[in-house]
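Examining the three-dimensional arrangement
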Amino acid sequence: MAQENIYTDPATKSMEELVALCKRRGFVFPASEIYGGINGFWDYGPLGTALKNNIRDWWWRQMVECPPIGPDGEPVEIVGLDSSIIQNPKTWEASGHVGGFSDPMVDCTETKKRYRQDHIEVLIVDDKGCWGFPENNIDYIAKKLKKANVSRDDGTVKNLTDIDTSEYEKIIAPDTDKPGTLTAPREFNLMFDSHAGAIKSDENKVYLRPETAQGIFLNYKNIVDTMRVKMPFGIAQVGKSFRNEVTPRNFIFRSREFEQMEMEWFCAPAESAKWYDFWKHERMRWWESLGVDKANLRFRDHDDDELAHYSKMCVDVEYKYPFTAPGYGELEGVAHRGCFDLTQHQEHSKTKMEYFDQAAQLAAKEAGKSKEEIAAASKYIPNVIEPASGLTRAVLVLLCEAYTPDPDRPAGVYMKFKPKFAPIKAAIFPLVNKDGMPEIATKLYHELRQKYVVQYDAKQSIGKRYARMDEAGTPFCFTIDGDTLNDNAVTVRDRDSGQALAERLPLDQVDAFLAAKIAE
RNA sequence: GCGGGUGUAGCUCAGUGGUAGAGCGUCACGUUGCCAACGUGAAUGUCGUGAGUUCGAAUCUCAUCACCCGCUCCA
């Protein structure tokens, strides 16, 4: 029989079996399966939807309704938002999603670096070679040129877009020493597009959002103007995003339609490092609150060269998925976005994003700062710290984490969800269908269903009913037996031990028992 | 995007050219005394999809789709 709290290494779990269980028990189905499915899309079944909603509600509770206590001992302020999936397409030009990723890119097969084709210039020196370098920055390859004993004046400079791909084999890429490592230019745009209106034309082309974050930036000014928020504060949003991934893989880990839980934390630039650190650790605490084993979670700081165009600092919270073990895979990114997004939207929309910080002004005045210093401290475009996690990845993590093989059980496996997140909180069974047991069980069921997701089942043998609940991850089964008629108490069958609790539970305490377990 | 593998009932699979199968699960009825019990009965398939070869295709050929593994990719 399984022991409680045994550490089950994800590496020992089979994704194939987990996917099978998810389908068998109604957690996750392949999308449009009757037509052969569609790559990169998944449907959430009854139990999967419940699990997803439970995680989402907990995130919302912990981020918006009851956010954490800040470093100064006061609760931080975060408001909620639900922005549109389709926005004015200029949004994506400002954010860099169109400009940056619809342009052809070239890869360096040697260093694995990727460059925008039109951002590379090439110095061509007849007979000596061709050197690629970042646009307007020939100093970047000064050492290489010196070594080759050539100077800028020895040759001509051309943009890479003006060079035929057949000539690429002669080019030495910016970060290598040997020629011919650049691939032909390829289009990379991960955004799905569509058309708003009946007529398909370039004028009414729109995009499905590739992240929920931009919807928050677009509403930053609305929130500041209407919600009486003061810096620092956050805006949180949960919703679907769409990315036309090259290779959807690993069940729901990388899908083309997915759900994000993002919060943008706006703060004074001078305080951004403090908040970055705060949110980094708060987010890890949240993941642990889901019941995820600490041994399966870790931080991974991004190296400078893998930072996205908007980011100053970025750390991933990673989980040891069965398909990455013994390595880890991304779960949530906490990014320091600086003032990139608001500045971009200010420039493109001509809407002022500056914030007047009266508290900072007062503090600077009291500190006897100069006029210039006071002005700088009190008026600024806020910096943004962004904890961005995947809700559908959270579902995957809980599925992986809960999946617990146990050869001693009839099902061979049970789903060890924390009661708070379990799709079904409890099941109510009459041991047999006679002697008044169904009547008592039905009464208990009707009471409990008012407050909890519970199931009543009187069919088939008691063992079979327990086994079904094991696979659904239902933490408790209340069984009405012959003794109930005398002692007004039920047997509590505990999922994790696979056995009945030693103490019988009085009927009038079942509600309180469940409430306490779910609150844990 | 490249290479390899897989696809038959809800699940696991058998079926190498001649009527579509088994076990488990599911459902109904009976029975029941705590971990997939037992008896009786029932439902469930465009054999992933589409073409082709053939008198006849789950089976042979081609294409295509989905999933898995390894590369690649993942702002």
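Presented here is a report on the structure given in the accompanying data block. Source: prediction; values computed, not measured.

1. What about unusual backbone geometry?
Of the consecutive residues Met231 and Pro232, the connecting peptide bond is found in the cis state with omega at -5 degrees. Mapped onto the elements, Pro232 comes out in the loop between helix H7 (220-226) and strand S13 (233-242). Non-glycine residue Arg228 carries a positive phi angle of around 55 degrees. You can see Arg228 is positioned in the loop between H7 and S13.

2. Quick word on helix H14 (residues 462-472)
Looking only at H14, the buried set comprises Arg465, Tyr466, Ala467, Met469, Asp470, Glu471 and Ala472. In the segment just after H14, Gly473 is the residue with positive phi, at about 80 degrees.

3. A short note on the packing of helix H2 (residues 46-65) against helix H12 (residues 391-402)
At a minimum axis distance of 9 Å, the contact between H2 and H12 shows a crossing angle of 115 degrees. The orientation of H2 relative to H12 falls into the category roughly perpendicular. The crossing of H2 and H12 is right-handed. Residues Leu51, Lys52, Ile55 and Arg56 of H2 form the contact with H12, whose participating residues are Leu391, Thr392, Ala394, Val395, Leu398 and Leu399.

4. Overview of the nonpolar core
With 59 residues, the main nonpolar core has Phe27, Leu51, Ile55, Trp265, Trp279, Leu399 and Phe417 as its most contacted residues. Here this core takes 9 residues from H12, the largest share from any one element. When neighbours within four sequence positions are excluded, Leu51 is seen to be in contact with Phe27, Val395, Leu398, Leu399, Phe417, Phe421 and Pro423.

5. Looking at the sheet that holds strand S16 (residues 313-319)
Consider a sheet: its strands pair through backbone hydrogen bonds, and that pairing is either parallel or antiparallel. The strand order S3-S13-S14-S20-S17-S16-S15 describes an open sheet built from 7 strands, whose pairing is mixed. Strand pairing shows two members of the sheet lacking a second neighbour, strand S3 (78-81) and strand S15 (297-301), which therefore form its edges. Neighbour-to-neighbour, the strand axes of the sheet open up by a mean angle of 20 degrees, direction not taken into account. Sheet analysis places strand S17 (residues 329-338) next to strand S20 (residues 383-390), joined by 6 bridges and oriented antiparallel. When the bridges of S20 are listed, Gly338 appears paired with Val384.

Definitions and cut-offs
- Residues numbered from 1 in each chain as written.
- Chains lettered and ligands numbered in written order.
- Predicted model: local features only at pLDDT ≥ 70, side-chain atom pairs only at ≥ 80, totals over all residues.
- Heavy atoms only, no water.
- Helix = DSSP H or I, 4+ residues; strand = E, 2+ residues; numbered from the N terminus.
- Buried < 20%, exposed > 50% of the residue type's maximum accessible area, 1.4 Å probe, protein only.
- Axes fitted to C-alpha atoms, helices over the stretch in contact; angles between N-to-C directions.
- Parallel < 35°, antiparallel > 145°, perpendicular 65-115°, else oblique.
- Left-handed = near helix turned anticlockwise from the far one by under 90°.
- Contact = heavy atoms within 4.5 Å.
- Core = buried A, V, L, I, M, F, W, Y, C linked by side-chain atoms within 4.5 Å.
- Pairing = 2+ DSSP bridges.

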